[in-house]
Amino acid sequence: MNCKCHELTELEGNEALDYAEQHLMEVFVNGKTWDTEYKCPDIGARLLLDYTHSEYHGGGSPRLRKLTV
């Protein structure tokens, strides 16, 4: 998969999950909130996969966004 981390600001749903699974390296998982921090192997950018609608069953749609340093 080609690295999109330079221009990526946010992905949602299956696109977010697919990109994280196919391109990123898992760094940390918060067992309470299910947030997962990832690192891009190409440019070192940090990204966060979270679930913005915790009131929905399963936390709702996943969101992947680049973290600012």
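Above: the structure in question.
Residues numbered from 1 in each chain as written. Predicted model: local features only at pLDDT ≥ 70, side-chain atom pairs only at ≥ 80, totals over all residues. Heavy atoms only, no water.

Asker: Mind laying out helix H1 (residues 13-23), listing which residues take part and the relevant values?
Answerer: Taken residue by residue, H1 has Gly-13, Ala-16, Tyr-19, Ala-20 and His-23 as its buried positions. Axial view of H1: buried residues confined to an arc of 150°, hence all on one face. H1 presents Asn-14 and Glu-21 as exposed residues on the side facing more than 90 degrees away from its buried surface. Buried residues along H1 sit against strand S1 (10-12), strand S2 (25-29), strand S3 (36-39), strand S4 (46-51) and strand S5 (62-66). (Buried < 20%, exposed > 50% of the residue type's maximum accessible area, 1.4 Å probe, protein only. Helix = DSSP H or I, 4+ residues; strand = E, 2+ residues; numbered from the N terminus. Arc of directions from axis to C-beta. Contact = heavy atoms within 4.5 Å.)

Asker: Please give an account of the pairing of S2 that cites residues and values.
Answerer: In terms of strand pairing, S2 meets S3 through four bridges, oriented antiparallel. Across the sheet, residue Val-29 finds its bridge partner in S3, namely Thr-36. Taking the residues between adjacent antiparallel strands as the criterion, S2 and S3 are bridged by six residues, where Trp-34 takes a positive phi near 70°. (Pairing = 2+ DSSP bridges.)

Asker: Give a description of the pairing of S3 that names residues and reports values.
Answerer: Side-chain alternation along S3 places Thr-36 and Tyr-38 on a buried face and Glu-37 and Lys-39 on a face that remains uncovered. Pairing of S3 with S4 involves four bridges; the strand directions are antiparallel. By the bridge assignment for S4, Glu-37 is matched with Leu-48. Connecting the antiparallel pair S3 and S4 is a turn made up of six residues, with Gly-44 showing a positive phi of about 80°.

Asker: An account of the nonpolar core is requested, with residue identities and associated values reported.
Answerer: By size, the foremost hydrophobic cluster in this structure holds 13 residues, and its most contacted members are Cys-5, Leu-11, Tyr-19, Leu-24, Tyr-38, Leu-47 and Leu-64. Broken down by secondary-structure element, the contributors of at least two residues to this core are H1 and S4. Considering each element in turn, this core owes the most residues, three residues, to H1. Beyond its immediate sequence surroundings of up to four residues, Leu-64 is in contact with Leu-8, Thr-9, Glu-10, Leu-11, Ala-16, Tyr-19, Ala-20, Leu-24, Tyr-38, Leu-47, Leu-48 and Leu-49. (Core = buried A, V, L, I, M, F, W, Y, C linked by side-chain atoms within 4.5 Å.)

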